[in-house]
Amino acid sequence: MNKYLFLLDAGHGGMLNGVPQTKGKRSPLWEDGTQYFEGVGNRVLVQKIKQKCQEAGIDVMDIVSSQRDIPLYERVERANALQYVRPCIYISIHSDAFSKESANGYSVYTSKGNTKSDKIATIFLANMM
């Protein structure tokens with residue numbers, strides 16, 4: 001068992017029966033008929049990160065694992081309950097819809113002040129490249 005359990009959180013709701021679960025949180029409809037939904041994209045990213053962690057032997061858990069739009073307080077309650085079992089690293093994925101299909105990039109935010117989170121975020125960012 002690894003020292004830490006990585007907790008992954010896909011923000012916003014996904015898609016249920018073709019219906020986006022979070023109002024707004026989407027790109028405009030593009031000329032080719034496609035559209036980006038933040039909650040759907042967040043779930044794709046969480047699954048990719050989860051797969052990479054598993055391949056690297058890192059203990060990981062998707063604390064959302066649903067298409068429903070689970071409120072932040074509930075996601076935080078789930079994460080907080082697990083921290084008493086073993087030390088956790090909580091990663092919440094939130095993408096932003098965009099109006100230009102060529103938009104790309106990412107950013108990472110941590111709590112105020114210099115904490116262990118900053119060190120972990122630096123490692124995470126270095127491995128995103």
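Below you will find a few notes about this structure. (Residues numbered from 1 in each chain as written. Predicted model: local features only at pLDDT ≥ 70, side-chain atom pairs only at ≥ 80, totals over all residues. Heavy atoms only, no water.)

1. Structural notes on the environment of Asn80
Assignment of secondary structure puts Asn80 in helix H2 (residues 72-82). Spatially, the C-alpha atom of Asn80 lies 9.5 Å from that of Tyr90, the residues being 10 residues apart in sequence. (Helix = DSSP H or I, 4+ residues; strand = E, 2+ residues; numbered from the N terminus.)

2. With respect to a nonpolar patch on the surface
Side chains of Leu72, Val76 and Tyr90 sit close together on the surface and give an oily, nonpolar patch of about 240 Å² of accessible area. In this structure, Leu72 sits in helix H2. Exposure remark for Leu72: the relative accessible area of 52% places this residue in the exposed category. (Patch = residues over 30% accessible without salt bridge, like charges linked within 9 Å, V, L, I, M, F, W, Y side chains within 5 Å. Areas by Shrake-Rupley, 256 points an atom, 1.4 Å probe, with all protein chains shown as cover. Salt bridge = Lys/Arg side-chain N within 4 Å of Asp/Glu carboxyl O. Buried < 20%, exposed > 50% of the residue type's maximum accessible area, 1.4 Å probe, protein only.)

3. Describing the pairing of strand S5 (residues 88-93)
Side chains Ile89, Ile91 and Ile93 project from S5 onto a buried face, and the interleaved Cys88, Tyr90 and Ser92 project onto a face without burial. Alignment of strand S1 (residues 5-10) against S5, held across six bridges, turns out to be parallel. If you follow Phe6 over to S5, its bridge partner there is Ile89. (Pairing = 2+ DSSP bridges.)

4. Here we look at the sheet that holds S5
Spatially, the three strands line up as an open sheet ordered S4-S1-S5, and their pairing is parallel. Each edge of the open sheet is held by one strand with a lone partner, namely strand S4 (60-62) and S5. Strand-to-strand, the axes of this sheet are offset by a mean angle of 20°, without reference to chain direction. (Axes fitted to C-alpha atoms, helices over the stretch in contact; angles between N-to-C directions.)

5. Considering the pairing of S1
Burial within S1 is extensive, with six of its six residues counted as buried. Burial along S1 is two-sided: the face carrying Leu5, Leu7 and Asp9 and the face carrying Phe6, Leu8 and Ala10 are both buried. Here three bridges tie S1 to S4, and the two strands are oriented parallel to one another. In the strand pairing of S4, Leu7 is matched with Met61.

6. Focus: the environment of Gln67
Tracing the backbone shows Gln67 in the loop between S4 and H2. When its relative accessible area of 31% is taken as the criterion, Gln67 is described as partly exposed. Considered as a pair, Gln67 and Lys48 are 19 residues apart in the sequence and their alpha carbons are 16 Å apart. Those residues in contact with Gln67, other than ones at most four positions away along the chain, are Gly13, Gly14, Met15, Leu16, Gln21 and Arg43. For Gln67, the side chain forms a polar contact with the main-chain nitrogen of Met15, separated by 2.9 Å. (Contact = heavy atoms within 4.5 Å. Polar contact = N/O pair within 3.5 Å; in protein donor to acceptor, adjacent residues only side chain to side chain.)

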